[in-house]
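# Reading the structure
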Amino acid sequence: VVFRIRRDHRRRYIILFLSLACFIIYRHFGGQSGRLRINRAIGLRVNSSQFTLGGEQFCILGGSLHYFRVPRAYWKDRMMKMKACGLNTLTVDVPWSLHQPEKEEFSFQEGHDLESFLHLATEVGLWVILRPGPYVGSDLDLGGLPSWLLRDKEMRLRTTYPGFLAAVCLYFNNLIPKVMPFQFKKGGPIIAVQVENKYGSHARDGKYMSFLKEALLERGISELLLTSDYHEGLKYGGIEGALRALNLQKINYDDIRYLKTVQSNSPMLVMELWTGRSDGWGGLHHSFPAEDLVAVVREALRQGMSINLYLFHGGTNFGFINGAMANPSYKALVTSYDYDAPLSEAGEYTPKFHLLRDLLSRFNSETLPVMPSLRWKEEYEPAIMFQHLSLWDALPYTHKPFKSKLPVNMENLPVNNGNGQAYGYTLYETVIITGGFLKSGHNIKDRALVFVNQSFIGIFYQRNLELAVSDAKGKRTLSLLIENCGRVHYGKEMDDQRKGIVGDILLNNVPLRDFTIFSLDMTSDFFDRLYSAPWKFPPNKPSFPGFFQGRIFVNGYPSDTFIKLPGWSKGVIFINGQNIGRYWDAGPQQALFLPGPFLNSGMNQIIVFEEAEGDFKIQFEDSPDLGMTVDI
């Protein structure tokens, strides 16, 4: 039929086809039209009180988005929502610990594929500020530094200690070549690179920041360099040749005046304008009122400042990546990293988003893109746990136990190719022949369940430093199941973040000796070995701690949902081998976010590791529950 169309009709179809093709090309590249005309020879520059990009005046309207806290399938969705909010720049933190989990292993695939993330930023039409570390903070375990650094007992993190600098150089040798082609002058989206993060408040080595700056330049970084500090570190965190930026939640005019004094004739950049705050287990969910945030943003823009919202979208602390606070006392962060950000943990619009979009639309010369549609949230049928495996029955299927006269901390265990144990639990067992008083002396990091002959007798945690052990005849096995709840991510305590047993445990003031140590890191390899263990139908009174296995059926395309565990106490949940994170009835978080991309159409496996009690049923809801809220 096509070949019989008359010639004049054929011309009309060709014209129609070309018109449609031109329209598609325009829609695809329309968001980047400014980039197509921009002068790539001139990057982001400081020009008196304003930035210029490509020789034209430029105001940074940025937001932080962590690719490692968002499923890869949702990266583009979150970026498009950022663009729709009126932001033009994406700030990217790069966690060393996730990209180099072992000394000789580098990971830049799947959810850690930084290059694909940067390609998407280009496609969406966002500029990028890169924060490659080595320390990024970001409320991550050890601030994003790999735990294997702590195998060196003399290690001094974030200094010019030779062992630390050698590791940094190896990391940069593998990271920087991957991001170099994405620099602005090479046609990419990266307009600035930050040197370290908040070093001024930590500063204890005057040569460290200069070393990092030179390390970046030597490896080909040619865009504008930045440093970032809040008021306590402004005096000590800057280096020559890098623009100093400020962190704040509310406008502090003293800090602004000080920065203008030490950095005159330069634009003001708020590198971290905190949109909320992270939450700790046992506390409350923090909220920064939307009206207060917008008032701060409005005032900053009125004064001609550039801004970066930390965070625009927080995401989730999947796995064991959460950090911890040291002051006023140790407190591990919850699984949710919602942060009360403009875009919620599940990617939903909040009042902050709408107010910011309205405000920022006045600072954009073009009409803002249409807001992307939201994804459906599903309330699935409850999942019943139909198999059980006690911790004690699982031990023969874990890493080969390690015997040592003295207790050995997690990081120095001879596992994972000589890199030690980074996350999870460690079980320490020894034989006792008497009862009495068991004292931890602050040498338990972080939380220990204590058993005698597999019978629970108590917990060591924070101020609880002493337990009574009943008398009995003969030899008995004393077991301490210790959880690394999260390493402190900020401050001078970072060098003291080794986990497990880090010193002597005393029974009647006599140090315990001759330990058998099991590494329970709960990685995919760990569970591969566990599948061959003797799982059984759960008895009426199952043994705890233990593993529970169940199934969830998804009919059709999987949707996002939220896991609720009423009747459970404390543990970790895995879906199809993916570590969704920790739960704890201490709150505030009451539901864990389960993204649709982690589910399959059809049957899905659930494994729960529970420490103390459970009711054999997992519930699913279509809305979050971050717990009781307190305003910041």
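Being a predicted model, the structure only gives us computed values, none of them experimental.

### Digging into the packing of helix α6 (residues 162-179) against helix α7 (residues 208-218)
Interhelical geometry of α6 versus α7 gives an angle of 25 degrees and a closest axis separation of 11 Å. Taken together, α6 and α7 sit at an angle that is classed as roughly parallel. Of the two elements, α6 crosses α7, and the hand of that crossing is right-handed. For the pair α6 and α7, contact is made by Phe164, Leu165, Val168, Cys169, Phe172 and Ile176 and by Tyr208, Phe211, Leu212, Ala215 and Leu216, respectively.

### Some thoughts on helix α5 (residues 114-124)
Taken as a whole, α5 has its buried residues at Leu114, Ser116, Phe117, Leu118, Leu120, Ala121 and Val124. Looking one or two residues beyond α5, the residue adopting positive phi is glycine 125, at roughly 100 degrees.

### Points about the UniProt feature "domain: Beta-galactosidase 1-like first all-beta" (unreviewed entry) in the protein chain
Using the residue numbers shown here, the UniProt feature "domain: Beta-galactosidase 1-like first all-beta" (unreviewed entry) corresponds to residues 420-521. The span residues 420-521 is 0% helix and 50% strand, and its two end C-alpha atoms sit 10 Å from each other.

### Re the packing of aromatic side chains
Under the defined criterion, the tally for this structure stands at 34 aromatic pairs. Pairing tyrosine 380 with phenylalanine 620 gives two aromatic rings, centres 6.3 Å apart and planes at 90 degrees, and the pair type is edge-to-face. Placement of tyrosine 380 in the loop between α10 (351-360) and β15 (383-390) and of phenylalanine 620 in strand β34 (residues 617-621) is noted, with a sequence separation of 240 residues between them. The class for tyrosine 380 is buried, based on a relative accessible area of 10%. Ring geometry for phenylalanine 526 against phenylalanine 547: centres 6.1 Å apart, planes inclined by 45 degrees, an arrangement best described as tilted. Remark: phenylalanine 547 occurs in strand β28 (residues 546-554) and phenylalanine 526 occurs in helix α12 (residues 524-530); sequence separation between them is 21 residues. For the pair phenylalanine 526 and phenylalanine 547, one class covers both residues: buried. Three or more aromatic residues link up through ring pairs in this structure, and these residues are Trp96, Trp148, Phe164, Tyr171, Phe172, Tyr199 and Tyr208. Of note, lysine 81 hangs over the ring of tyrosine 349, and the distance from its end group to the ring centre comes to 5.5 Å. Over the face of the ring belonging to tyrosine 135 we find arginine 158, whose NZ or CZ atom lies 3.7 Å from the ring centre.

### Some details on the sheet that holds strand β10 (residues 269-274)
In spatial order, the strands read β4-β5-β6-β7-β8-β9-β10-β12; together these 8 strands close into a barrel with parallel pairing. On average, adjacent strands in this sheet sit at an angle of 30 degrees to one another, irrespective of strand direction. Two elements, strand β8 (residues 224-229) and strand β9 (residues 243-248), share 4 bridges in a ladder whose sense is parallel. By the bridge assignment for β9, aspartate 229 is matched with leucine 246.

### Examining the packing of helix α9 (residues 290-302) against α10
In contact at an axis separation of 9 Å, α9 and α10 are set at 25 degrees when each is read in the N-to-C sense. On the basis of the axis angle, α9 is roughly parallel to α10. By crossing handedness, the relation of α9 to α10 is classed as right-handed. Contact with α9, carried on its side by Ala290, Glu291, Leu293, Val294, Val297, Arg298 and Leu301, involves Pro351, Lys352, Leu355, Leu356, Leu359 and Leu360 of α10 and no other residues of that element. Along the lines of polarity and charge, the residues of the contact of α9 with α10 split into 10 nonpolar, no polar and 3 charged.

Reading guide: rules and limits
Residues numbered from 1 in each chain as written. Predicted model: local features only at pLDDT ≥ 70, side-chain atom pairs only at ≥ 80, totals over all residues. Heavy atoms only, no water. Axes fitted to C-alpha atoms, helices over the stretch in contact; angles between N-to-C directions. Helix = DSSP H or I, 4+ residues; strand = E, 2+ residues; numbered from the N terminus. Parallel < 35°, antiparallel > 145°, perpendicular 65-115°, else oblique. Left-handed = near helix turned anticlockwise from the far one by under 90°. Contact = heavy atoms within 4.5 Å. Buried < 20%, exposed > 50% of the residue type's maximum accessible area, 1.4 Å probe, protein only. UniProt positions renumbered as here; feature names shortened; annotations may be inferred. Phe/Tyr/Trp six-rings, centres within 6.5 Å; stacked < 30°, edge-to-face > 60°. Lys NZ or Arg CZ within 6 Å of the ring centre and 35° of its normal. Pairing = 2+ DSSP bridges. Nonpolar A, V, L, I, M, F, W, Y, C, P; charged D, E, K, R; others polar.

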